[in-house]
Amino acid sequence: MTENNQDNLQKVVIVPCSGIGKTYGTVTREAAYNVTEDLRPEQTQLVALSLLVLGDESARASLVDSPAVTIDGCKLACATKMVQECGGNVVKDFAVLDVYRRYKQFKPQGIAELNAGGYKLAEALAEEVAAVVDGLVDEQDTLVRDLLIRSDSSSEGGSYG
Amino acid sequence: MVDLPKKKVGIVACSGEELPEGTITRLAALKVLEQLRPADTVTICLPLFLAGGEGDRAFARFYPTIALDGCDKRCAARATEMYSSKPAASIVVTDLIAEKVLDSLGSARRLSATGLQTVEITSEQTAALVDELLGKRWSRRTGTFTETDPALRPQETVEATCACGSGIPIRKIVIDGQVVSLIALPLIFEQFLEANKTPCDDTARGLLETVKIYNSVPTEDEQAYASTLLREYAEFCAEKEPVR
């Protein structure tokens, strides 16, 4: 992808539930940091769920025209529900339990501080989120490139007219 | 014997992911819940006020609640008030440390030593508020927490538990043509039934007094509440009779 194209792309919004009462909530938070700070910092943006709950205008605005990936720690799916409630476009909703079923060797524990298994599960989850982000970025990149080509063609056609 | 939910203080943290102060609220809340006042506190995830059910939205009416916010947007306090009930107390980390902390707090993901110190300050302040709320607000109604100074009660370290999904049990009844949601009524009925209390005037008074612990009952409506509670309790007992 070119730098110019990157400038035209909307960042993918990442919203973890950060649930406070269960280990999986902390896993969502850590995975979101993994994606937005380590794996795909240029392509993603972390949005605080509490701001969406409050109805903060700038947080809601960040969902406009941007695809969102939500990460939920339990079946109540607060992150997914809130993004949808705010009019956001959830292109993929991750549930930690589903991811854990694929990585049962990691046994997450702790809420304030995850154990090693918790951090590994967060890393595995983050890799899956990053893969989704890559797919979205590729799609956007292709769209932007097509638009630029069409725009160039139109300009050239006009000059001959 | 069915236990009614104990009188506890609710802690609602903003847990803001974008700022170190948000992480501080989260860790301070967990420290209070797990270490400082585990027997006296309970928590709920903030978004459940919207994403959850009626029981979740009853949280701050049921528990006197302390909102912990990282910044002056005060998401926890304002959202709790909007969707549940006004918090009994509120802490904003940036205000709390305005004149105390000069160094960087670290990042939202990894707090610095100063950030961790701020967690201590915030959690101590929160625990003090818990004691204050338990002593002042609720002792007059139940007498439960005046026996011992909460700060002196032995506290066992536990893992924090949240109210996510469990909700506060609610039963809707019709009083003078109005539908009223009464918090904890199903558990109150269970408790009275297990105590072999038969539907009678004494029981009606007992029901009303217990309901008033968890719900606001207008003085002028007490008689209507008592008679309706008695009728509902009689129905409840009749429903349970065949399986007893």
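Note that this is a predicted model, so its numbers are computed, not measured.

1. Quick look at the sheet that holds strand β1 (residues 12-16) of chain A
All names here are of chain A.
Okay, step 1: Ordered in space as β2-β1-β3-β4, the four strands form an open sheet in which the pairing is parallel. Edge positions in the sheet fall to β2 (44-46) and β4 (89-95), since each of these pairs with one other strand and no more. Across the sheet, the mean angle separating the axes of adjacent strands is 25 degrees when strand polarity is ignored.
Okay, step 2: Note: β1 against strand β3 (residues 67-72), four bridges, orientation parallel. Looking at β3, one finds that valine 13 is bridged to alanine 68.
Okay, step 3: On the sheet, helix α5 (residues 78-85) packs against β1, β3 and β4 and is oriented at approximately 150 degrees with respect to β3.

2. Overview of the interface of chain B and chain A
Okay, step 1: With 35 residues of chain B at the contact, the number on the chain A side is 32 residues.
Okay, step 2: Carbon and sulfur atoms supply 60% of the area buried between chain B and chain A, which totals about 2900 Å² over both sides.
Okay, step 3: The three residues of chain B that bury the most area against chain A are Glu17(B), Arg26(B) and Arg109(B), which together make up 29% of that side's buried surface.
Okay, step 4: The interface formed by chain B and chain A includes five salt bridges.
Okay, step 5: The shortest N-O distance in the salt bridge between Arg109(B) and Glu37(A) comes to 3.3 Å.
Okay, step 6: Here chain B and chain A share 17 residue pairs in polar contact (both at pLDDT 80 or more) between them.

3. Remarks on the packing of aromatic side chains
Okay, step 1: Taken as a whole and judged by the stated rule, the model has eight aromatic pairs over all chains.
Okay, step 2: On the numbers, 6.4 Å between centres and 55 degrees between planes, the contact of Phe49(B) with Phe59(B) is tilted. A residue pair is termed long-range when its members are at least 10 positions apart, and Phe49(B) in helix α2 (residues 48-51) and Phe59(B) in helix α4 (residues 59-62) qualify at ten residues.
Okay, step 3: Using a relative accessible area of 0% as the deciding quantity, one classes Phe49(B) as buried.
Okay, step 4: Residues Phe59(B) and Tyr63(B) carry aromatic rings whose centres are separated by 5.1 Å and whose planes lie at 55 degrees to one another, so their mutual orientation is tilted.
Okay, step 5: With a relative accessible area of 1%, Phe59(B) lands in the buried category.
Okay, step 6: What links up through ring pairs into an aromatic cluster is the set Phe49(B), Phe59(B), Phe62(B) and Tyr63(B).
Okay, step 7: Sitting over the ring of Phe94(A), Lys92(A) keeps its end group 5.3 Å from the ring centre.
Okay, step 8: Lying across the ring of Phe192(B), Lys197(B) places its NZ or CZ 5.6 Å from the centre.

4. Things to note about the nonpolar core
Okay, step 1: Within the largest apolar cluster, 91 residues are counted, with the highest numbers of intra-cluster contacts made by Leu52(A), Ile11(B) and Ile66(B).
Okay, step 2: With eight residues, helix α1 (residues 20-36) of chain B is the largest single contributor of residues to this core.
Okay, step 3: Split by domain, the residues of this core number at least three in each of domain 1 (9-163) and domain 2 (169-240) of chain B.

5. Notes on the side chain of Thr126(B)
Residues and elements named next belong to chain B.
Okay, step 1: Residue placement: threonine 126 occurs in helix α7 (residues 113-142).
Okay, step 2: Under the relative-accessibility criterion, threonine 126 is labelled buried at 0%.
Okay, step 3: When sequence neighbours within four positions are dropped, the list of residues in contact with threonine 126 reads Ile11, Val32, Ile66, Leu68 and Ile91.

6. As for the confidence of the model for chain A
Okay, step 1: Per-residue confidence for chain A averages 89 on the pLDDT scale, and 90% of its residues sit at or above 70.
Okay, step 2: Low confidence marks residues 1-5 of chain A, where pLDDT is under 50. Its contacts with residues over four positions away, or in another chain, come to eight contacts.

7. Remarks on the domain arrangement of chain B
Residue and element names in this part refer to chain B.
Okay, step 1: What the domain assignment reports for chain B is domain 1 (9-163) and domain 2 (169-240).
Okay, step 2: With eight residues of domain 1 in contact, the opposing surface of domain 2 contributes nine residues.
Okay, step 3: Buried area between domain 1 and domain 2, both sides added, is near 680 Å², and the carbon and sulfur share of it is 63%.
Okay, step 4: At the junction of domain 1 and domain 2, the tally comes to zero salt bridges.
Okay, step 5: Between the two partners, domain 1 and domain 2, sit zero residue pairs in polar contact (both at pLDDT 80 or more).
Okay, step 6: Elements supplying a minimum of two residues to the side of domain 1 that touches domain 2: α3 (54-57), α4 and α7.
Okay, step 7: At three residues, α7 tops the list of elements feeding residues into the side of domain 1 that touches domain 2.
Okay, step 8: The class makeup of the residues in the side of domain 1 that touches domain 2 is three nonpolar, two polar and three charged.

Procedures and definitions
Residues numbered from 1 in each chain as written. Chains lettered and ligands numbered in written order. Predicted model: local features only at pLDDT ≥ 70, side-chain atom pairs only at ≥ 80, totals over all residues. Heavy atoms only, no water. Pairing = 2+ DSSP bridges. Helix = DSSP H or I, 4+ residues; strand = E, 2+ residues; numbered from the N terminus. Axes fitted to C-alpha atoms, helices over the stretch in contact; angles between N-to-C directions. Contact = heavy atoms within 4.5 Å. Buried area = accessible area lost by both parts, 1.4 Å probe. Salt bridge = Lys/Arg side-chain N within 4 Å of Asp/Glu carboxyl O. Polar contact = N/O pair within 3.5 Å; in protein donor to acceptor, adjacent residues only side chain to side chain. Phe/Tyr/Trp six-rings, centres within 6.5 Å; stacked < 30°, edge-to-face > 60°. Buried < 20%, exposed > 50% of the residue type's maximum accessible area, 1.4 Å probe, protein only. Lys NZ or Arg CZ within 6 Å of the ring centre and 35° of its normal. Core = buried A, V, L, I, M, F, W, Y, C linked by side-chain atoms within 4.5 Å. Domains from an automatic or database assignment. pLDDT = per-residue confidence, 0-100. Nonpolar A, V, L, I, M, F, W, Y, C, P; charged D, E, K, R; others polar.

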